[in-house]
Amino acid sequence: MTQPVDTLYVHARELVTLATGSPRGARRGAAMRELGIVRDGAIAVRDGRIVACGPTDQVARDHRARSEVDLSGFVVLPGFVDCHTHPVFARTREDEFHMRCAGADYMAIAQAGGGILSSMRAVRQAGLGELTETTLRHLWGFAAHGTTSVECKTGYGLSLVDEKRSLEALAAAIAQVPLTCRRTFLGAHEFPPEYRSDRDAYVRLLCDEMMPQLAPLADACDVFAEPGVFDREQSRRVLEAARRCGLRLRVHADELSPMGGAELAVELGADSADHLGKISDAGIAALASSDTVGVLLPGTGFFLGKDIYAPARRMIEAGCAVAIATDFNPGSCYTQSMTLVMTLACVKLKMTPEEVITAATINPAFSLQLDDQVGTLHPGKRADFCPLDIPSWRAVGYAFGGNPVALTVKDGRPILANVRDQMPDLGA
Ligand SMILES: [Zn+2]
């Protein structure tokens, strides 16, 4: 008795299913290296969900489909989950890159009007339409690199009206892409110039006005917890106010100095502590004993040339749930490529290719409460996956600099092909 399905994807050289254990939850320690590889694999899809995933002869025998897509020669991974991005901005900042290439440091660039405040001025000048359009273009850029779920932060408005417009632009852009998106309010990204001399007043504005009014437009709140930006007490106030407004919590933590951001994230039950270049031993222990995911962003350390990288090996060995993400933003990391970040995680964070695959799929999905829907190729989940033009899964991380993603499949349908004639026609 064959089961009717919408589409059969067949003859993938390898399927990296990650369907080795529970479909849900983060993977830690040795479990991060279990990939559940199926050779000559097939995926049966109905109503956007995976119905079956396994060897082609078996799946094709048990299902009959209205259309069939031949994935011969491709290696299929779950769609990437990019759980830390800043796509709501209006202008790029290549001028700062030129200054850095000429030897300028961060302070010189800030004094020349660069940095987050430069993006803030551009966002404040941009209308809703322009901001929506650039954000939409950025979202499609993620899709082009095999990302099917993405977390999107605001944080370049830094006022009630400009953060509101940023969240509205984000919502309008999300409505126009077939991606699973999460919206994060990052009004606590930096102190705007009008509050330079009274920082406490900006924290009060965030907690008492922005948070209650903007919470309905967001899923989570984030704060840049770093000495010189939001100190530990200010970060705590912002996060507690967010929690009172029903938002989930994420934290930019311990990026450049060990301020105890990871410990604060764990104490407040945050979904993630991100960056962690300078996480302390106590911070690692706190993360390891919690469900807070350590989100590592090696693209930023690489692009800034600072060579500050999170101690991923110690974190994995301690039992932390570890994810990786692009940190796509106009200043410190202008890439949307998860496969490039996977290479950097291997080379700079000393993670194994198996670990980076887990850290780019199910673990970030867990940090976004999407692990019941995406991140592995378990039956019942959304049929989100990307066929890669590489000889074997072992070339993940090894093949770098180009975009190996041939096709991005979201909810069972190809949404983007990087080689035009590979776009299968599934009809209306
Ligand atoms: Zn960030």
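Conventions used here
Residues numbered from 1 in each chain as written. Predicted model: local features only at pLDDT ≥ 70, side-chain atom pairs only at ≥ 80, totals over all residues. Heavy atoms only, no water. Donors = N, O, S within 2.8 Å, 3.2 Å for Na, K, Ca; no water. Tetrahedral: all angles 85-135°; square planar, octahedral: opposite > 155°, others 65-115°. Helix = DSSP H or I, 4+ residues; strand = E, 2+ residues; numbered from the N terminus. Buried < 20%, exposed > 50% of the residue type's maximum accessible area, 1.4 Å probe, protein only. Disulfide = S-S within 2.5 Å. Axes fitted to C-alpha atoms, helices over the stretch in contact; angles between N-to-C directions. Parallel < 35°, antiparallel > 145°, perpendicular 65-115°, else oblique. Left-handed = near helix turned anticlockwise from the far one by under 90°. Contact = heavy atoms within 4.5 Å. Nonpolar A, V, L, I, M, F, W, Y, C, P; charged D, E, K, R; others polar. Polar contact = N/O pair within 3.5 Å; in protein donor to acceptor, adjacent residues only side chain to side chain.

Digging into the coordination of the zinc ion
Here is step 1: Those donors, His84 (NE2), His86 (NE2), His252 (NE2) and Asp327 (OD), are the protein atoms that reach the zinc ion, and they lie 2.0 to 2.6 Å from it.
Here is step 2: Its four donor atoms give the zinc ion angles of 80 to 166 degrees at the centre, a pattern that matches the irregular case.
Here is step 3: Counting along the primary sequence, the residues that act as donors to the zinc ion give the motif H-x1-H-x165-H-x74-D. Highlighted residues: histidine 84 in the loop between strand E6 (80–82) and helix H2 (94–101) and histidine 252 in strand E10 (residues 248–253), separated in sequence by 168 residues.
Here is step 4: Assessed through its relative accessible area of 0%, histidine 84 is described here as buried.
Here is step 5: What makes histidine 252 buried here is its relative accessible area of 3%.

Focus: the state of the cysteines
Here is step 1: Here the structure, examined in full by the defined rule, presents zero disulfides.
Here is step 2: Between cysteine 333, a cysteine without a disulfide, and cysteine 83, which holds the nearest cysteine sulfur, the sulfur-to-sulfur distance is 13 Å.
Here is step 3: Residue cysteine 333 is classed as buried on the basis of its relative accessible area of 2%.
Here is step 4: Considering cysteine sulfurs only, cysteine 386 is the nearest to cysteine 346, which forms no disulfide, with 16 Å between them.

Details of the packing of helix H5 (residues 128–144) against helix H6 (residues 160–174)
Here is step 1: Interaxial distance between H5 and H6 falls to 8 Å at its minimum, and their mutual angle equals 50 degrees. Comparing their axes, H6 and H5 come out oblique. In this structure, H5 crosses over H6, and the sense of that crossing is right-handed. Across the interface between the two elements, Leu128, Leu131, Thr132, Thr135, Leu136 and Leu139 of H5 pack against Arg165, Ser166, Glu168, Ala169, Leu170, Ala172, Ala173 and Ile174 of H6.
Here is step 2: For the contact of H5 with H6, the per-class residue count stands at nine nonpolar, three polar and two charged.

Brief notes about the side chain of threonine 376
Here is step 1: Position of threonine 376 relative to the elements: it lies in the loop between helix H15 (362–367) and strand E14 (385–388).
Here is step 2: Side chain to side chain, threonine 376 and histidine 378 meet in a polar contact 2.6 Å long.
Here is step 3: Side chain to side chain, threonine 376 and lysine 381 meet in a polar contact 3.0 Å long.
Here is step 4: Residues within four places of threonine 376 in sequence aside, it is in contact with Thr17, Leu18, Pro23, Arg27, Ile50, Pro78, Ile362 and Lys381.

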